[in-house]
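Descriptive structure summary
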Amino acid sequence: MKEVIFATSNPNKVREVNEMLPHLSIKSLKDIGCMEEVPETTATIHGNALQKARYVSEKYKVDCFSEDTGLEVEALNGEPGVDTAHYAGPQRSAEANMALLLTNLEGKGNRKARFRTVVALILNGKEHQFEGVVNGTIAPQKMGDGGFGYDPIFIPDGYHISFAEMDKYEKNKISHRGRAIKKLMQFLNSL
Ligand code: ITT
């Protein structure tokens, strides 16, 4: 498999997956002429990943993979979870999302969190899912300006720096997305 369709409209995800899979040609939704908003309306990260892949595969008659990512904070009972992208409202602002999370964690001793990515692949009519998780803590305030989304406030376990302060290859090596994509690649290579 040399060319793969990644059913996402998030250019940061495309960039990271391109960095992880330099030998593959990754096509995004824009590349296949899909400019519409793909629905993600289920109650779970697994459900949303599958919903996006199914929608694109059925409508555009292509094999593809998608992914859904959530940040799960222990002291907030797993929130924002499936609502990670629009935690602070429909404008999907990373700044507003981080500010709300920091406010909601004020006064809480437990700042443990994890990023979870579920990749859903539809290949020859069959569905497959691959999960990647990275544990860490939520920083007391933003640290660094690299990466995207919640990266400035997420410190992975074993580090004293946030994802936003980390070299991009280092992040990809240990991240939720990196781990899920590695499983996807192992599966594709085993075919
Ligand atoms: P799709 O088109 O793939 O659905 P999306 O941006 O809507 O793109 P999600 O629904 O999976 O993606 O939302 C993920 C949210 O988590 C969004 O707010 C991202 O900014 C954030 N996020 C995802 N991966 C991240 C990462 O590696 N580091 C920090 N934040 C991340």
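It should be emphasised that the depicted structure is a prediction, and the values quoted were computed from it without experimental measurement.

In this section: helix α1 (residues 11-20). Taken residue by residue, α1 has Lys13, Val14, Glu16, Val17, Glu19 and Met20 as its buried positions. Buried residues along α1 sit against β2 (25-27), α2 (45-60), β3 (64-73), α4 (168-174) and α5 (176-189). Where α1 begins, one side-chain oxygen reaches toward the backbone nitrogen of Asn12, 2.9 Å away; that side chain belongs to Asn10.

On to the packing of aromatic side chains. Centre-to-centre distance and the angle between the planes together describe a pair of aromatic rings. With the rule as written, the count across this model stands at five aromatic pairs. Between Phe6 and Phe65, the ring centres sit 4.5 Å apart and the planes meet at 15°, which makes this aromatic pair stacked. Placement of the pair is Phe6 in the loop between β1 (3-5) and α1 and Phe65 in strand β3, with a sequence separation of 59 residues. Note on Phe65: relative accessible area 1%, which makes it buried. Among the aromatic residues, those joined into a ring-pair cluster are Phe115, Phe154 and Phe163. The ring centre of Phe163 lies 5.3 Å from the NZ or CZ of Lys171, which sits over that ring.

Our focus in this paragraph is the site of the ligand. Surrounding the ligand, one finds 20 residues, the nearest of these being Thr8, Lys52, Asp151, Lys171 and Arg177. In the environment of the ligand, an oxygen atom lies 2.6 Å from a nitrogen or oxygen atom belonging to the side chain of Thr8. Per element, the largest residue contribution to the shell around the ligand is three residues, and it comes from β3. Taken together, the residues of the shell around the ligand sort by class into four nonpolar, seven polar and nine charged.

All right, on to the sheet that holds strand β4 (residues 79-80) then. Pairing within the open sheet is antiparallel, and its five strands lie in the order β4-β3-β5-β6-β7. In the strand order of this sheet, the two ends are held by β4 and β7 (154-156), each with one partner. Note: strand β5 (residues 112-123) against strand β6 (residues 126-138), 12 bridges, orientation antiparallel. Following the sheet pairing, Val118 is matched in β6 by Glu131. In the packing of α2 onto the sheet, the strands contacted are β3, β5 and β6, and the crossing angle to β3 comes to about 160°.

Basis of the calculations
Residues numbered from 1 in each chain as written. Predicted model: local features only at pLDDT ≥ 70, side-chain atom pairs only at ≥ 80, totals over all residues. Heavy atoms only, no water. Buried < 20%, exposed > 50% of the residue type's maximum accessible area, 1.4 Å probe, protein only. Helix = DSSP H or I, 4+ residues; strand = E, 2+ residues; numbered from the N terminus. Contact = heavy atoms within 4.5 Å. Polar contact = N/O pair within 3.5 Å; in protein donor to acceptor, adjacent residues only side chain to side chain. Phe/Tyr/Trp six-rings, centres within 6.5 Å; stacked < 30°, edge-to-face > 60°. Lys NZ or Arg CZ within 6 Å of the ring centre and 35° of its normal. Near = heavy atom within 4 Å. Nonpolar A, V, L, I, M, F, W, Y, C, P; charged D, E, K, R; others polar. Pairing = 2+ DSSP bridges. Axes fitted to C-alpha atoms, helices over the stretch in contact; angles between N-to-C directions.

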